[in-house]
Amino acid sequence: TLEVGSVLASRFLITRVLGAGGVGTVYVARDAALGREVAIKVHHAASGAQRLRREAVAMARLAHPNVVTVFEVGELAGRPFVVMEYIAGTTLRTHLAAAQRSVREILALLIAAGEGVAAALDAGLVHRDIKPENVLIGTDGRARVGDFGLARELDSSEEPVPAATGSVEELRTPGTPIGRG
């Protein structure tokens, strides 16, 4: 683990631990070069280096407002780390549990997350781990898809599967209100 106050890569001042899981620990740090807060995911073991590097490369290929942005990849004592956009906020699951939400608000968040997933597909990536914990809701209210650790590239022979019905615009069109008909 990195200590609060330590500096990573001569540039990132670790300010706090954001969370830890079986694969790695996520820290919040201050990027001294660009004067912004970032999230840094450090893998617990060198044996997972390939997976974390794959996640970083997959995410770095995407430039979409509903996908967490990756800024940099590096190594710390043989363990890989990924520097990415810090999203002040919470997960979709926590956001939905925190207060009563309207159907319109919930649908807007799900559509936004879906647009992030669609951007990944357009870039030739299949996320493979979409769940409420991997959708972050920023304090700005915007949904962003993160954690591309299980992502894989589409084979050149594969085509993204088209939506079964309708378009995103059709989903945005209000339907009959509940209880009215």
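Residues numbered from 1 in each chain as written. Predicted model: local features only at pLDDT ≥ 70, side-chain atom pairs only at ≥ 80, totals over all residues. Heavy atoms only, no water.

**Q** Just checking my understanding: could you explain the confidence of the model for the chain for this structure?
**A** Predicted coordinates in areas of low pLDDT are best not read in detail. Per-residue confidence for the chain gives a mean pLDDT of 83, with 81% of residues at or over 70. Across residues 162-166 the pLDDT falls below 50, and counting only partners more than four positions away or on other chains, this stretch makes zero contacts in the model. (pLDDT = per-residue confidence, 0-100. Contact = heavy atoms within 4.5 Å.)

**Q** Looking at this structure, I do not really get the sheet that holds strand S4 (residues 36-43). What am I missing?
**A** Pairing between sheet strands relies on hydrogen bonds along the backbone, with the strands arranged either parallel or antiparallel. As summarised here, the arrangement of the six strands in space is S1-S2-S3-S4-S6-S5, forming an open sheet in which the pairing is antiparallel. Here the strands that pair on one side only, and so sit at the sheet edges, are strand S1 (7-8) and strand S5 (70-76). (Pairing = 2+ DSSP bridges. Helix = DSSP H or I, 4+ residues; strand = E, 2+ residues; numbered from the N terminus.)

**Q** Please clarify how the nonpolar core should be interpreted in this entry.
**A** Burial of nonpolar side chains together is a common tendency in soluble globular proteins. Of all hydrophobic cores here, the largest spans 24 residues; its most connected members are Met 84 and Phe 148. Contributing elements (two or more residues each) for this core: helix H1 (49-60), strand S6 (79-85), helix H3 (103-122), strand S9 (135-138) and strand S10 (143-145). If you tally residues by element for this core, the top one is H3, at four residues. Filtering out sequence-adjacent residues up to four positions away, Met 84 remains in contact with Val 38, Ala 39, Lys 41, Met 59, Val 68, Thr 69, Val 70 and Phe 71. The next biggest cluster of nonpolar side chains, apart from the first, holds eleven residues, and it includes Leu 2, Leu 8, Phe 12 and Val 83. (Core = buried A, V, L, I, M, F, W, Y, C linked by side-chain atoms within 4.5 Å. Buried < 20%, exposed > 50% of the residue type's maximum accessible area, 1.4 Å probe, protein only.)

**Q** Can you help me understand a nonpolar patch on the surface in this one?
**A** Taken together, the side chains of Val 103, Leu 107 and Leu 110 define a hydrophobic patch exposed on the protein surface, amounting to about 260 Å² of accessible area. By the secondary structure assignment, Leu 110 is in helix H3. Judged by relative accessible area, Leu 110 falls into the partly exposed class, the value being 42%. (Patch = residues over 30% accessible without salt bridge, like charges linked within 9 Å, V, L, I, M, F, W, Y side chains within 5 Å. Areas by Shrake-Rupley, 256 points an atom, 1.4 Å probe, with all protein chains shown as cover. Salt bridge = Lys/Arg side-chain N within 4 Å of Asp/Glu carboxyl O.)

**Q** Please clarify how the layout of surface pockets should be interpreted in this entry.
**A** The probe, sized like a water molecule, is rolled over the atoms to show the empty space still left. What the largest pocket holds in volume is close to 740 Å³. Lining of the largest pocket is provided by 28 residues; of these, Val 26, Glu 133, Asn 134, Leu 136 and Asp 147 occupy positions nearest its centre. Listing elements by their share of the lining of the largest pocket, those giving two or more residues are strand S2 (12-20), strand S3 (24-31), S4, H1, S6 and strand S7 (89-91). Its residues placed into classes, the lining of the largest pocket shows ten nonpolar, ten polar and eight charged. (1 Å grid on protein atoms, 1.4 Å probe; cavity = no way out; pocket = protein on both sides within 12 Å on 5 of 7 lines; lining within 4 Å. Points joined across faces, edges and corners; volume = space filled by probe spheres on them. Nonpolar A, V, L, I, M, F, W, Y, C, P; charged D, E, K, R; others polar.)

**Q** Which parts of the structure should I look at to understand the pattern of salt bridges?
**A** In a structure, side chains of opposite charge can pair up when their charged atoms sit close to one another. Tallied over the entire structure, the rule returns eleven salt bridges. Of the charged contacts, one joins Glu 72 and Arg 11 as a salt bridge, the two residues approaching to 3.1 Å between their closest N and O atoms. Taken as a pair, Glu 72 in strand S5 and Arg 11 in the loop between S1 and S2 lie far apart in primary sequence, 61 residues in all. On the accessibility criterion, Glu 72 (24% relative accessible area) is partly exposed. Residue Arg 11 is classed as partly exposed on the basis of its relative accessible area of 24%. A salt bridge links Asp 31 to Arg 36; the nearest nitrogen and oxygen atoms lie 3.8 Å apart. Salt bridges linked by common partners bring Arg 11, Asp 31, Arg 36 and Glu 72 together as one network.

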